[in-house]
Amino acid sequence: MARKKIALIGAGNIGGTLAHLAAQKELGDIVLFDIAEGVPQGKALDLSQCGPVEGFDASITGTNDYADIAGADVVIVTAGVPRKPGMSRDDLLGINLKVMKAVGEGLKQYAPDAFVICITNPLDAMVWALREFSGLPHNKVVGMAGVLDSARFSTFLAWEFGVSVRDVNTFVLGGHGDTMVPVVQYSTVNGIPVPDLIKMGLSTQEKIDAIVQRTRSGGGEIVGLLKTGSAFYAPAASAIAMAEAYLNDQKRILPVAAYVDGQYGVDGLYVGVPAMIGAEGIEKVIEIELDAEAKANLQVSVDAVKELL
Ligand code: LMR
């Protein structure tokens, strides 16, 4: 069987972490692209030299030429600039839109059959732009946000209940901004819904509300701590989980920024929803019954995404 090809557009902190994870998991041959001369080449060389120590066998190359992503099976886009303390993700709209134009054109020319995962912010608008500029089918272009936001929500809930993160299942809907919607109704510890755990006296509504709020501002919390950039380990891990779901036809149901056309009362917009990822890309958007509060919050979040387009 031919080896798969993974192209990573952007060789910053997330790009480097993506390359390392993809190599450790031997997902395929890795091409790290960046416009900065020497940076992708240097990171690729450094990572290649991890192989003998860590025991992975992966080809990792760095490039400044889009032609080298030709035939990629998966492309993960992190190109653009991250926000700094005091900025919102939306402040990056103008500058990163120009970057998505160049990336989209590169995809159109060299990787029209790829499954494309966008990480660049403001996420929901950037994935929309990448789809427009690349002309790829909607089911093959998706944004990484809900997996990350849900991972944050799950982490905080595991700490609150004093349980393993493995037993916590959550998802976050809506845009990847301050209006995102962590859905308490469907969040569980080993199948037990969080509202039931509150009734059992294992937490309080106030504490869960505070966790919901911390999840919403989870990216900003890390930006505030790092001061010179944004989160990269968990974003990279989240995108790799999505890439694996596609490459291995896992049919995973993951919260992602998918193209929604009719479901949840949303027409023709990229926004965070649970979706099935398999060999066809986004194979299905899953529409779940939401309580009145989550429904209203989702509408606010969808409106915030629309305002950017
Ligand atoms: C995140 O959520 O960590 C990313 O969207 C980066 C950011 O600016 O918050």
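Here the structure is shown first, and the text comes after it.
Values in this document were obtained by computation on a predicted structure and should not be read as measured data. (Residues numbered from 1 in each chain as written. Predicted model: local features only at pLDDT ≥ 70, side-chain atom pairs only at ≥ 80, totals over all residues. Heavy atoms only, no water.)

(A) Just the site of the ligand, in detail. Around the ligand, a shell composed of Arg83, Arg89, Asn121, Leu148, Arg152, His176, Gly219, Val223, Ser230 and Ala231 is seen. The contact in question runs from an oxygen atom of the ligand to an N or O atom on the side chain of His176, over 2.6 Å. Here the ligand has 260 Å² of accessible area as a free molecule, and 94% of this is covered by the chains. Mapped onto the shell around the ligand, the elements with two or more residues apiece are helix H6 (146–161) and helix H9 (218–226). Of the residues assigned to the shell around the ligand, the class counts are three nonpolar, four polar and three charged. (Near = heavy atom within 4 Å. Polar contact = N/O pair within 3.5 Å; in protein donor to acceptor, adjacent residues only side chain to side chain. Areas by Shrake-Rupley, 256 points an atom, 1.4 Å probe, with all protein chains shown as cover. Helix = DSSP H or I, 4+ residues; strand = E, 2+ residues; numbered from the N terminus. Nonpolar A, V, L, I, M, F, W, Y, C, P; charged D, E, K, R; others polar.)

(B) Structural detail: H9. Gly218, Gly219 and Val223 are the residues of H9 that are buried. Along the axis of H9, the buried residues cluster in a sector spanning 140°; they form a single face. (Buried < 20%, exposed > 50% of the residue type's maximum accessible area, 1.4 Å probe, protein only. Arc of directions from axis to C-beta.)

(C) Spotlight on the pairing of strand S5 (residues 115–118). Of the two faces of S5, the one lined by Phe115 and Ile117 and the one lined by Val116 and Cys118 are each fully buried. For strand S4 (residues 74–77) and S5, the ladder comprises four bridges, and the chain directions are parallel. Looking at S5, one finds that Val75 is bridged to Val116. In this view, the connection linking S4 to its parallel neighbour S5 by way of helix H4 (residues 93–110) has right-handed handedness. Strand direction decides the pairing type here: S5 and strand S6 (residues 141–143), joined by three bridges, are parallel. Note that in S6 the partner of Cys118 across the bridge is Gly143. What joins S5 to S6 is helix H5 (residues 123–134), and the crossover it makes is right-handed. (Pairing = 2+ DSSP bridges. Right-handed = clockwise from strand over helix to strand, strands pointing away.)

(D) Looking closely at the pairing of strand S2 (residues 29–33). Within S2, four of the five residues are buried, which leaves the element mostly enclosed by the surrounding structure. The pairing of strand S1 (residues 5–9) with S2 spans five bridges and is classified as parallel. If you follow Leu8 over to S2, its bridge partner there is Leu32. With helix H1 (residues 13–24) bridging S1 and its parallel neighbour S2, the resulting β-α-β unit is right-handed. For S2 and strand S3 (residues 60–63), the ladder comprises four bridges, and the chain directions are parallel. When the bridges of S3 are listed, Ile30 appears paired with Ile60.

(E) Expanded view of the sheet that holds strand S7 (residues 168–169). Spatially, S7-S10-S11 is the arrangement adopted by the three strands of the open sheet, whose pairing is antiparallel. The outermost strands of the open sheet, each flanked by one partner alone, are S7 and strand S11 (192–193). As judged from the two bridges shared by S7 and strand S10 (residues 188–189), these two strands associate in the antiparallel manner. The residue of S10 that forms the bridge with Asn169 is Thr188.

(F) Inspection of the pattern of salt bridges at higher detail. Following the criterion strictly, the structure yields nine salt bridges and no others. A salt bridge links Asp249 to Lys251; the shortest N-O distance between them is 3.0 Å. According to the relative accessible area criterion, Lys251 is partly exposed, its value standing at 38%. When salt bridges that share partners are traced, they join Asp249, Lys251 and Glu283 into one network. (Salt bridge = Lys/Arg side-chain N within 4 Å of Asp/Glu carboxyl O.)

(G) Spotlight on the side chain of Ser187. By the secondary structure assignment, Ser187 is in the loop between strand S9 (181–182) and S10. Of the residues examined, Ser187 reaches a relative accessible area of 0% and is grouped as buried. With residues up to four places along the chain from it excluded, the contact list for Ser187 reads Phe153, Leu157, Asn169, Thr170, Phe171, Ile192, Pro193 and Val194. (Contact = heavy atoms within 4.5 Å.)

(H) Inspection of the packing of H6 against helix H8 (residues 205–216) at higher detail. Across the interface, H6 lies against H8 with an axial gap of 9 Å and an inter-helix angle of 150°. Considered as vectors, H6 and H8 are oriented roughly antiparallel to each other. In this structure, H6 meets H8 at a crossing whose hand is right-handed. Along its contact with H6, which presents Asp149, Arg152, Phe153, Phe156, Leu157, Trp159, Glu160 and Phe161, the element H8 presents Lys207, Ile208, Ile211, Val212, Arg214 and Thr215. Here the contact of H6 with H8 is built from residues that sort into eight nonpolar, one polar and five charged. (Axes fitted to C-alpha atoms, helices over the stretch in contact; angles between N-to-C directions. Parallel < 35°, antiparallel > 145°, perpendicular 65-115°, else oblique. Left-handed = near helix turned anticlockwise from the far one by under 90°.)

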